[in-house]
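Understanding the architecture of this molecule
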Amino acid sequence: MRVQRVVARWIVPLLPLVSVVARGQEPSLVDAVKMGNVVAVRALIEAGTDVTQRDPHGTTALHWAVHRDDLELADLLLRHGARVDAANRYGVLPLYLASVNGNAAVVERLLEAGADPDSALPSGETALMTAARTG
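The biggest cluster of nonpolar side chains holds 31 residues, and the ones touching the most others in it are Leu29, Val33, Val41, Leu62, Val66, Leu77 and Leu110. Taken together, the elements giving at least two residues each to this core come down to α3 (29–34), α4 (38–46), α5 (61–67), α6 (71–79), α7 (94–101) and α8 (104–112). For Leu77, the residues in contact, after removing those within four places along its chain, are Leu29, Val33, Ile45, Val51, Ala61, Leu62, Ala65 and Ala82.

Okay, here's the thing in structure tokens:
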């Protein structure tokens, strides 16, 4: 019974990454965050994966953690050097995504980590304007 719990908790979440490594590709922190796989994210960070890596659209793991409304992952990434000022190729910052979601805890954490409350999308809409618009 104990072995089953260990396999379910620690090994099963890493299986998608094992298949990536077996194909000779470097595992993507962004993909692990997209899946909400905390175990894989921790393993990748401990292995020295760059927490500022981006997908082809310039979206970072922090963008995805915030988009998923996952404060635990966002906090983990921030503690390991994720940049709150990283915009994707569309000019979207993590703070904007948190404002869209209306998650005050994530917004507060990003501001504590140095996010600029006056930052704006290319259209001129600020995070505050977005939060007001989305309720």
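Further remarks concern the pattern of salt bridges. Once the charged atoms of two side chains with opposite charge are near each other, the side chains can pair. If you walk through the whole model with that rule in mind, you get five salt bridges. Arg42 is the salt-bridge partner of Glu72, the closest N and O atoms lying 3.2 Å from each other. Residue Glu72 is found in helix α6, and its partner Arg42 is found in helix α4; the two are separated by 30 residues along the sequence. By relative accessible area, Glu72 is classed as partly exposed at 46%. Across the pair Arg133 and Glu125 runs a salt bridge whose closest N-O atoms are separated by 3.0 Å. Residue classification places Arg133 among the exposed positions, given a relative accessible area of 51%. By sharing partners, the salt bridges in this structure join Asp75, Arg79 and Arg109 into a single network.

To continue, consider α6. Turning to α6, its buried residues are Leu73, Ala74, Leu76, Leu77 and Leu78. Residues of α6 that are buried make contact with α3, α4, α5 and α8. Regarding α6, its N-cap is Asp70, as a side-chain oxygen of that residue lies 3.2 Å from the backbone nitrogen of Glu72 further along. Remark: Gly81 follows α6 within two positions and exhibits a positive phi of approximately 105 degrees.

Rules of the game
Residues numbered from 1 in each chain as written. Predicted model: local features only at pLDDT ≥ 70, side-chain atom pairs only at ≥ 80, totals over all residues. Heavy atoms only, no water. Core = buried A, V, L, I, M, F, W, Y, C linked by side-chain atoms within 4.5 Å. Buried < 20%, exposed > 50% of the residue type's maximum accessible area, 1.4 Å probe, protein only. Helix = DSSP H or I, 4+ residues; strand = E, 2+ residues; numbered from the N terminus. Contact = heavy atoms within 4.5 Å. Salt bridge = Lys/Arg side-chain N within 4 Å of Asp/Glu carboxyl O. Polar contact = N/O pair within 3.5 Å; in protein donor to acceptor, adjacent residues only side chain to side chain.

Nothing here speaks to function; it is geometry throughout.
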